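# A look at the structure
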Protein chains: 4
Amino acid sequence: VEGFSFAHDVRVRFAETDAQGIAHHAAFLVWLEEARIAYLDRFTGGYEHIRARGYEALTTGVHLEYRSAAAFHDLLSVWTRCTDVRGARFRYEYRVERDGEVVAYGYTTHATVDGATHRPTRVPAWLIDAISAAEERPAS
Amino acid sequence: VEGFSFAHDVRVRFAETDAQGIAHHAAFLVWLEEARIAYLDRFTGGYEHIRARGYEALTTGVHLEYRSAAAFHDLLSVWTRCTDVRGARFRYEYRVERDGEVVAYGYTTHATVDGATHRPTRVPAWLIDAISAAEERPAS
Amino acid sequence: VEGFSFAHDVRVRFAETDAQGIAHHAAFLVWLEEARIAYLDRFTGGYEHIRARGYEALTTGVHLEYRSAAAFHDLLSVWTRCTDVRGARFRYEYRVERDGEVVAYGYTTHATVDGATHRPTRVPAWLIDAISAAEERPAS
Amino acid sequence: VEGFSFAHDVRVRFAETDAQGIAHHAAFLVWLEEARIAYLDRFTGGYEHIRARGYEALTTGVHLEYRSAAAFHDLLSVWTRCTDVRGARFRYEYRVERDGEVVAYGYTTHATVDGATHRPTRVPAWLIDAISAAEERPAS
């Protein structure tokens, strides 16, 4: 997908559907988070590694547009990129697709905090470097 | 709260917390939905009434900023108002507070669709009227 | 309800329904937990009080029979009692009703553990006393 | 695993953890369901196929013992078998493992119902045959 080089696939669980017969809109936030975790696994040593070093990443904003309903058992690709790392803040952008069709798109904002105090703390240099390296790869 | 005259209270469930020790950010979407349902109950005859007449309301967008973490058992007031009803679309705005402190704020967008076909259909006049009446009340 | 003197009410959320048009069976576990928390609030000073004293309660078993589907917006009464406190273990029993009809019933088993180590530790005497007092009240 | 020849793997999501720092006990029910769906995909043409033919499967009972906490990002194998198909009822048994360690075990009971009326209806012969064939395979 143009501008994205990493995707994480999720299959819609039955428990994630609602009485409208489609995936509940809140389930998308869980999938975006799972995609971020997979992204960190791939490029940075993983979120557990980050937590082990005393950091947490909080979600500070969610902006998502739904374009098409997702149904039970649909296989969705969550295209994910990390952008705008500055100070204690960073941002992820997403395009959720099913067979090339856009199902949803948007972005989330985050802040790194100290794991013990939940006070904002700069994104550590090794994490910035890992993300930069990931985002500078040629798109697949 | 300035500009809002309806609030729905929720208490953070233990199941809604995560390993950061705070309410997971996706739980907020469920609370906003519960607040919309309570709003419709209060002012329009309820969502079931709307569904019984052959309409569904889809969520088409979510925009939420998190300002403060919510903890297990916190009592949150979800201030809620419905705005911008036009054609098949409408919008809800929110301020989530705890003891007067802003925890989160934002808005969601929605479309009314035919319950059987999920095709967009104009918000019915009786529902527009009910919402208008609700929003024109003097703030409490 | 025969044998129960405490009930906690929950209203089925839309997010808790699934594509069968009924409440998903996993949602019941969340309601039972909410009922246990409400029980502890009423009779023991609350779960937060227990956690603040360095204890956690783990769920070690779940046994639930579903007799009738619950629908969106149903108001359910979760009748709840605590039984068989011994050593580090205790048990809750439930009857979930809607307008006097049994929707589900069963029990969960729990263990108190040290909050830091998650090692089993005896249910503290003050908590046993509070539960005993609660369960010896005349049924309402 | 002794007596089981099918396993479905799940990775614990961050959203599935709670403030005790472990996977919430209700998440296990969602994983068991996902394992049942994967089982049906593998052996019977899939749950959607069953629904398309006018059947639904309701969950009528849940019995689960938790032996060890699951943590964020743990990779769990849900060993799954279908047993005791009779009339409109059937039963699934599970062993949830992590690196060969038992994390939880138990069973769920189910009833096939007519998709439109939710009335009990016999498990169709083609589904019984598919399950029998699956369970008579030599264990892997």
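Here's what I pulled together on the structure shown here. Predicted model only: the values in this text are computed from it and were never measured.

Conventions adopted
Residue positions are counted from 1 within each chain, in the order its sequence is given. To read the labels, note that chains go from A and ligands from 1, taken in the order they are written. Under the rules for a predicted model, residues below a pLDDT of 70 receive no local features and side-chain atom pairs below 80 are neither given nor counted, while totals for whole chains, interfaces and linings still include all residues. Values reported for side chains reflect all heavy atoms of the structure, with hydrogen atoms and water molecules removed beforehand. What makes a salt bridge here is a side-chain nitrogen of Lys or Arg within 4 Å of a carboxyl oxygen of Asp or Glu, nothing more. Relative accessible area decides the class of each residue, using a 1.4 Å probe on protein chains only: under 20% of the type maximum gives buried, over 50% gives exposed, and in between gives partly exposed. Our superposition of the copies is a least-squares fit, built on the C-alpha atoms of residues whose pLDDT is at least 70 in both. Pairs of residues are marked as contacts when any of their non-hydrogen atoms sit within 4.5 Å. Note on definitions: buried area is the accessible-area loss of two parts on being combined, 1.4 Å probe, summed for both. Pairing of N or O atoms within 3.5 Å defines a polar contact, subject to two protein rules: one partner must be a possible hydrogen donor and the other a possible acceptor, and residues neighboring in sequence count only if both atoms are side-chain atoms. Only DSSP runs of H or I with at least four residues qualify as helices, and only runs of E with at least two residues qualify as strands; both kinds are numbered from the N terminus onward. Classification convention: Asp, Glu, Lys, Arg as charged; Ala, Val, Leu, Ile, Met, Phe, Trp, Tyr, Cys, Pro as nonpolar; all other residues, Gly among them, as polar. Here a strand pair is declared whenever DSSP counts at least two bridges between the two strands. The convention used is that axes are lines fitted to C-alpha atoms, helices contributing only their stretch in contact, and that angles between N-to-C directions extend from 0 to 180 degrees. Side-chain atoms within 4.5 Å are what join buried Ala, Val, Leu, Ile, Met, Phe, Trp, Tyr and Cys residues into a set we call a nonpolar core.

## A few points about the pattern of salt bridges
Two side chains bearing opposite charge may form a pair once their charged atoms approach each other closely. Residue and element names in this part refer to chain C. For the structure shown, the criterion picks out 38 salt bridges over all chains. Between Arg95 and Glu97 there is a salt bridge, and its shortest N-O distance comes to 3.9 Å. On the accessibility criterion, Arg95 (24% relative accessible area) is partly exposed.

## Brief notes about the relation of the copies chain A and chain D
Each copy of the chain is related to the other by a rotation around an axis and a translation along that axis. Aligned on chain D, chain A shows an RMSD of 0.0 Å; the corresponding rotation is 180° and the shift along the axis is 0.0 Å. Those values place the two copies in the arrangement expected of a two-fold rotation axis. The position closest to the rotation axis in chain A is occupied by the C-alpha of Val10(A), lying 5.7 Å away. By residue overlap, the copies meet face to face through one surface: 100% of the interface positions of chain A are interface positions in chain D.

## Some thoughts on the interface of chain A and chain B
Across the boundary between the two partners, chain A contributes 25 residues, which contact 25 residues of chain B. Of the roughly 2,000 Å² buried where chain A meets chain B, counting both sides, 50% is carbon and sulfur surface. Taken together, the connections running from chain A to chain B amount to zero salt bridges. Inspection of the region where chain A meets chain B yields 17 residue pairs in polar contact (both at pLDDT 80 or more). Residue assignment for the side of chain A that touches chain B shows that the elements contributing at least two residues are helix H1 (27–44), helix H2 (47–52) and strand E2 (55–66) of chain A. The biggest single contributor to the side of chain A that touches chain B is E2(A), with 11 residues. Here the residues of the side of chain A that touches chain B are counted per class, giving 11 nonpolar, eight polar and six charged. Of the pairings in the sheet, the one linking E2(A) to strand E2 (residues 55–66) of chain B comprises five bridges and is antiparallel in character. The residue bridging His63(A) from the neighbouring strand is His63(B), located in E2(B).

## Quick look at the pairing of strand E5 (residues 101–114) of chain C
Put simply, side chains in a regular strand alternate between the two faces of the sheet. All names here are of chain C. Pairing geometry for strand E2 (residues 55–66) and E5, over 11 bridges, is antiparallel. Following the sheet pairing, Glu56 is matched in E5 by Val113. The pairing of strand E4 (residues 89–98) with E5 spans 10 bridges and is antiparallel. Residue Arg91 lies in a different strand from E5, and its bridge partner there is Thr109. Between E4 and E5, which pair antiparallel in sequence order, lie two residues; one of them, Asp99, sits at a positive phi of approximately 50°.

## With respect to the sheet that holds strand E2 (residues 55–66) of chain D
With antiparallel pairing, the 10 strands of this open sheet are ordered in space as E1(C)-E3(C)-E4(C)-E5(C)-E2(C)-E2(D)-E5(D)-E4(D)-E3(D)-E1(D). Both edges of this open sheet fall to strand E1 (7–11) of chain C together with strand E1 (7–11) of chain D, since each of them pairs with a single strand only. Neighbour to neighbour, the strand axes of the sheet diverge by 25° on average, direction disregarded.

## Some thoughts on the sheet that holds strand E3 (residues 75–86) of chain B
Across the sheet, which stays open at both edges, the 10 strands sit in the order E1(A)-E3(A)-E4(A)-E5(A)-E2(A)-E2(B)-E5(B)-E4(B)-E3(B)-E1(B) with antiparallel pairing between neighbours. Looking at the sheet topology across the chains shown, the edges are occupied by strand E1 (7–11) of chain A together with strand E1 (7–11) of chain B. Neighbour-to-neighbour, the strand axes of the sheet open up by a mean angle of 25°, direction not taken into account. Contacting E2 and strand E3 (75–86) of chain A, helix H3 (residues 125–136) of chain A runs over the sheet at an angle of about 125° to E3(A). Packed on one face of the sheet, helix H1 (residues 27–44) of chain B meets E2 of chain A together with E1, E2, E3, strand E4 (89–98) and strand E5 (101–114) of chain B and runs near 65° to E3(B).

## Thoughts on the nonpolar core
Counting residues in each nonpolar core, the largest one holds 81 residues, and the members touching the most others are Phe28(C), Tyr39(C), Phe28(D) and Tyr39(D). Counting residues per element, this core draws most heavily on helix H1 (residues 25–44) of chain C, which supplies 13 residues. If we skip the residues at most four places from it in the chain, Tyr39(C) touches Phe6(C), Thr44(C), Thr80(C), Arg81(C), Cys82(C), Tyr92(C), Ile131(C), Ala134(C) and Glu135(C). Val96(A), Val123(A), Ile131(A) and Phe72(C) belong to the second largest nonpolar core, which has 80 residues in total.

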